[in-house]
Number of protein chains: 2
Amino acid sequence: MTEKFPGYKGEALRALKEAGAGIGDKIRVMKDEEIYQGVLIPRSEFGDDRHLVLKLNTGYNVGILVTKDTKIERIGVGAKPAFSTPPLPKQKENLPRVAILSTGGTIASRVDYRTGGVRPALTANDLYSVVPELSEIAFLDARILFSVFSENITVEHWSEAAKSIAKFVKNGVAGVVVAHGTDTMGYTAAALSFALQNLPVPVILVGSQRSADRPSSDAATNLIGAVKAAASAPFAEVAIAMHETVSDDSIIFHRGVKARKCHTSRRDAFKSINVPPLARLKDGKIRMLTRDYQKRDSEKEVIVEPRFNEEVTLIKFHPGMGPVIDWHVENGYKGIILEGTGLGHVSNRYFSAIRKAITKKIIVGITSQCIWGRVNMNVYDTGRDLLEIGVIPLKDMLPETALVKMMWVLGQTKDFTEARKLLSKNIANEFSERTVFGD
Amino acid sequence: MTEKFPGYKGEALRALKEAGAGIGDKIRVMKDEEIYQGVLIPRSEFGDDRHLVLKLNTGYNVGILVTKDTKIERIGVGAKPAFSTPPLPKQKENLPRVAILSTGGTIASRVDYRTGGVRPALTANDLYSVVPELSEIAFLDARILFSVFSENITVEHWSEAAKSIAKFVKNGVAGVVVAHGTDTMGYTAAALSFALQNLPVPVILVGSQRSADRPSSDAATNLIGAVKAAASAPFAEVAIAMHETVSDDSIIFHRGVKARKCHTSRRDAFKSINVPPLARLKDGKIRMLTRDYQKRDSEKEVIVEPRFNEEVTLIKFHPGMGPVIDWHVENGYKGIILEGTGLGHVSNRYFSAIRKAITKKIIVGITSQCIWGRVNMNVYDTGRDLLEIGVIPLKDMLPETALVKMMWVLGQTKDFTEARKLLSKNIANEFSERTVFGD
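Worth saying up front: this structure is predicted, and the values here are computed from it rather than measured.

Cut-offs and rules
- Residues numbered from 1 in each chain as written.
- Chains lettered and ligands numbered in written order.
- Predicted model: local features only at pLDDT ≥ 70, side-chain atom pairs only at ≥ 80, totals over all residues.
- Buried ≥ 20, exposed ≤ 12 C-beta atoms within 10 Å, placed from the backbone.
- Helix = DSSP H or I, 4+ residues; strand = E, 2+ residues; numbered from the N terminus.
- Right-handed = clockwise from strand over helix to strand, strands pointing away.
- Pairing = 2+ DSSP bridges.
- Axes fitted to C-alpha atoms, helices over the stretch in contact; angles between N-to-C directions.
- Contact = placed C-beta atoms within 7 Å.
- Nonpolar A, V, L, I, M, F, W, Y, C, P; charged D, E, K, R; others polar.
- Parallel < 35°, antiparallel > 145°, perpendicular 65-115°, else oblique.
- Left-handed = near helix turned anticlockwise from the far one by under 90°.
- Least-squares fit on C-alpha atoms with pLDDT ≥ 70 in both.
- Domains from an automatic or database assignment.

S.K.: Explain the pairing of strand β21 (residues 335–340) of chain B to me, please; I cannot follow it from the model alone.
M.R.: A regular strand carries its side chains on alternate faces of the sheet. Residues and elements named next belong to chain B. The buried fraction of β21 is high, at 6 of 6 residues. Alternating residues of β21 divide into Gly335, Ile337 and Glu339 and Ile336, Leu338 and Gly340, and every residue in both groups is buried. Handedness of the crossover joining strand β20 (residues 312–316) and β21 through helix α6 (residues 324–330): right-handed. Summarising the sheet, β21 and strand β22 (residues 363–368) pair through 6 bridges and their orientation is parallel. Note on β22: the bridge partner recorded for Ile337 is Gly365. In this fold, the crossover linking β21 to β22 by way of helix α7 (residues 351–359) has right-handed handedness.

Structure representation (structure tokens):
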């Protein structure tokens, strides 16, 4: 019987049975002065026995506590998945070939309301059925690389993705699109920026903040933008394609090493930090926003450096911080990125721990938790002291990019001096000469 | 001899002696194709033997590597401190009484070019001599609380400051100004917001991004704004006063729990996150920007709750993170703030560590590293799983404020259930009902 109600038990299950409502049914829940209306969806195995979960019309899910005063009414059958029977694709052989690799995340999945399961939906057929415009832009080769929420993406996924992308690039595609959950898309974009060098074509990561089965979804617009860039953008770099504003007017391309998710839910969540974005798609045209970029060039041959070392950490300094630096030193870590305050400071309480780390040939780099601006260790005593101790100032590099770079650097070399040098060297424009907003 | 050159040794000392240049002298350093001109300042005890440090005309210090090809020329005597002999203040008894408490930082210090020492300059005399306008706004009572760079501010400083401020408030001042380094001013503002409740008058934290001895300093404008607000603003809350833009046109007041330093060097580094700022000072007038605020009310009596518990940590989740949660659990921590991705996620690799923490009655709250927006744990499986495990979603609260609140909550109660409840309760408008930029 509970198979009809996966995840439900106790009070919640009893109330649902009483109402004659099952998974996928449209129901109305009345409690106190609130009324919720939506489609009943299954719960996770961790579920307690007192909540039920509805997918509201807005597309958001909501958990509702069931008490003895809660009334449930079945008001109909939930909508079926919007694209259950995709039409046959009309692949046009004369269009640029674009590979779409799916790693999971909102953009690459669809929810089956009947089972509640989220499954990757990234066959070329699926894509054409959801976004028919794509068939006018490119000849697609769609593959599922992984199927994970992006918070579960690991260093191994970065390596795998880099190798797969390189294969497609070597096979002569006009560009590669990587569908990715937005949560850690910035980290992955940075990883691919370091791992894929000398690219002949663009590699575009794309996500969405609303799944494709929601009316307000940004998935289609972002995908179109990403495929268009992969097919024909003049740049050959790793970039992130997302909404530029909350409207659908333009898609903005952020350089992979300089982008950051800066809002939990807005469609324009990603921002280029300390630099202008790479390019903009508006009115069907892609326009470069900087002169300083790697140009598309089919003569180039991609170089893959897919090794990352996980013995690296990011420590966000804060008042009252404990002996976190010491713990990493004692546990064999090889690289530490400090997210310091202001121009690149941490409390002098940690000077001895940092000195110890560096004595043990652990590489310590510093960035700023301000996010915008650049570290400058010459202004205050604290900065000068940290420099003397041997901390490497990482200019205007994002803390998240710095972490990924440290992992990549220590995947390239175990030599202390060489690794320090590589960390400070500009590999993928992760350092910019001047900040746009600086003064 | 080296007393004339504190901190200098080796090659750098030799070159300085050769040039006949000493601390406080204006010198010109020529190397390769670069020429530096500025005042020679002393070095820290951590100094190596190869660099010298100049204060440039821009006010920034620069460290210069001395090689055998470096030429040094003494070109004059450095400027003396600009305000060595302050005139007598003209305290006007009929003006509102404002207490100015100095904790250190750029705004409250001046550099003595002769000794290179930074010393607090916050006597009322000093203030009037630097910013004579203040004598028209308030009758000042200036005190030095501490004299530390703000990265060295600890939980104990927060408690001390709260108690001192409360004393002045109880003595009937019209408002209190706290001069503070900008690096951790957001953390201290949050701490004071929780520690000082039912305030009858405003408590204004103020910093500056350029020290008062620099031509482009924002110190005077910010101080005037802060003193004006303390003397006469209609709100009675803890706020941060800084430049609203890079121009001197307006001073903006951020609610203490909602402000964050978002740029390493800009004068408008502080931003209100997820809410409009509290108030603006423009053309001499303070205008409220929200209706939802605590009003100035001399009938109120301040309640001081100055206890903070340091057994609390902030963990910024990232791909490839190590067993940092476990380390904190094993080492007796009582509260953990997770800075998750997106809507409030961490990798499922850490579910068991988090479950273990909560089983041990460690309080775990989650915020988002996006900074803008709010966590919503009902949208994806990961969020729902974390909720079931017992992680507390901290809505649109800043990660830094959440850390400070957790420290404060565990200073109020050791009871697990009560502490969890207090963490979720809105104490100082750290949660807002809707985000301004949300959609």
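Next comes the rest of the account.
S.K.: How should the sheet that holds strand β17 (residues 279–282) of chain A be read in this particular structure?
M.R.: Backbone hydrogen bonds are what pair the strands of a sheet, in a parallel or an antiparallel way. All names here are of chain A. Spatially, β9-β6-β10-β12-β13-β14-β17-β18 is the arrangement adopted by the 8 strands of the open sheet, whose pairing is mixed. The open sheet has two free edges, formed respectively by β9 (139–144) and β18 (285–288), since each of these has just one partner strand. Looking at each pair of strands side by side, their axes are set apart by 25 degrees on average, direction ignored. Here strand β12 (residues 203–206) runs beside strand β13 (residues 238–243); their pairing, made up of 4 bridges, is parallel. Its bridge partner being in β13, Leu205 is matched across the sheet by Ile240.

S.K.: Is there a simple way to explain the interface of chain B and chain A in this structure?
M.R.: The accessible area lost on association of the parts is a frequent measure of interface size. Listed per partner, the contact involves 65 residues of chain B and 65 residues of chain A. Among the secondary structure elements, those contributing two or more residues to the side of chain B that touches chain A are β4 (61–65), β20, α8 (381–389) and α9 (399–412) of chain B. Its residues placed into classes, the side of chain B that touches chain A shows 26 nonpolar, 25 polar and 14 charged.

S.K.: Where do I start with the packing of helix α4 (residues 155–170) of chain A against helix α5 (residues 185–195) of chain A in this structure?
M.R.: A pair of packed helices is captured by two measures, namely the crossing angle of their axes and the spacing between those axes. All names here are of chain A. Two elements in contact, α4 and α5, have axes whose closest approach is 10 Å; the angle formed by their N-to-C orientations is 55 degrees. Judged by the angle between their axes, α4 and α5 are oblique. As for how α4 packs across α5, the hand of that crossing is right-handed. Mapping the contact onto sequence places Trp158, Ala161, Ala162 and Ile165 in α4 and Thr188, Ala191, Leu192 and Ala195 in α5. Grouping the constituent residues of the contact of α4 with α5 by class yields 7 nonpolar, 1 polar and no charged.

S.K.: Hey, could you run me through the environment of Ser129(A) in this one?
M.R.: Residue and element names in this part refer to chain A. Of note, Ser129 is situated in helix α2 (residues 124–130). Ser129 sits in the partly exposed class, given 19 other C-beta atoms within 10 Å. For the pair Ser129 and Thr182, spaced 53 residues apart in sequence, the C-alpha to C-alpha distance is 23 Å.

S.K.: Explanation requested: the relation of the copies chain B and chain A in the structure shown.
M.R.: Superposition of chain B onto chain A requires a rotation of 180 degrees combined with a translation of 0.1 Å along the rotation axis, giving an RMSD of 0.1 Å. In short, the pair behaves as if placed about a two-fold rotation axis. Closest approach to the rotation axis among the C-alpha atoms of chain B is made by Lys316(B), whose C-alpha sits 3.4 Å away. Interface residue correspondence from chain B to chain A reaches 100%, placing this contact among same-surface, isologous pairings.

S.K.: I'm lost on the domain arrangement of chain A in this one. Help?
M.R.: All names here are of chain A. As far as domains go, chain A holds domain 1 (2–77), domain 2 (97–304) and domain 3 (312–424). Relative placement of domain 2 and domain 3: their C-alpha centres are 31 Å apart. Contact with domain 2, which involves 12 residues of that partner, is made by 10 residues of domain 3. Broken down by element, the residue count for the side of domain 2 that touches domain 3 peaks at 6 residues, all from α5.

S.K.: Explain the sheet that holds strand β20 (residues 312–316) of chain A here, please?
M.R.: Residue and element names in this part refer to chain A. With respect to topology, 4 strands assemble into an open sheet ordered β20-β21-β22-β23, the strand pairing being parallel. Strands with a single pairing partner mark the edges of an open sheet, and in this sheet they are β20 and β23 (392–393). Judged from the 5 bridges that link them, β20 and strand β21 (residues 335–340) form a sheet pairing that is parallel. Within the sheet, the bridge partner assigned to Thr313 lies in β21 and is Ile336. Where helix α11 (residues 416–424) meets the sheet, its contacts fall on β22 (363–368) and β23, and the angle it forms with β22 comes to roughly 20 degrees.

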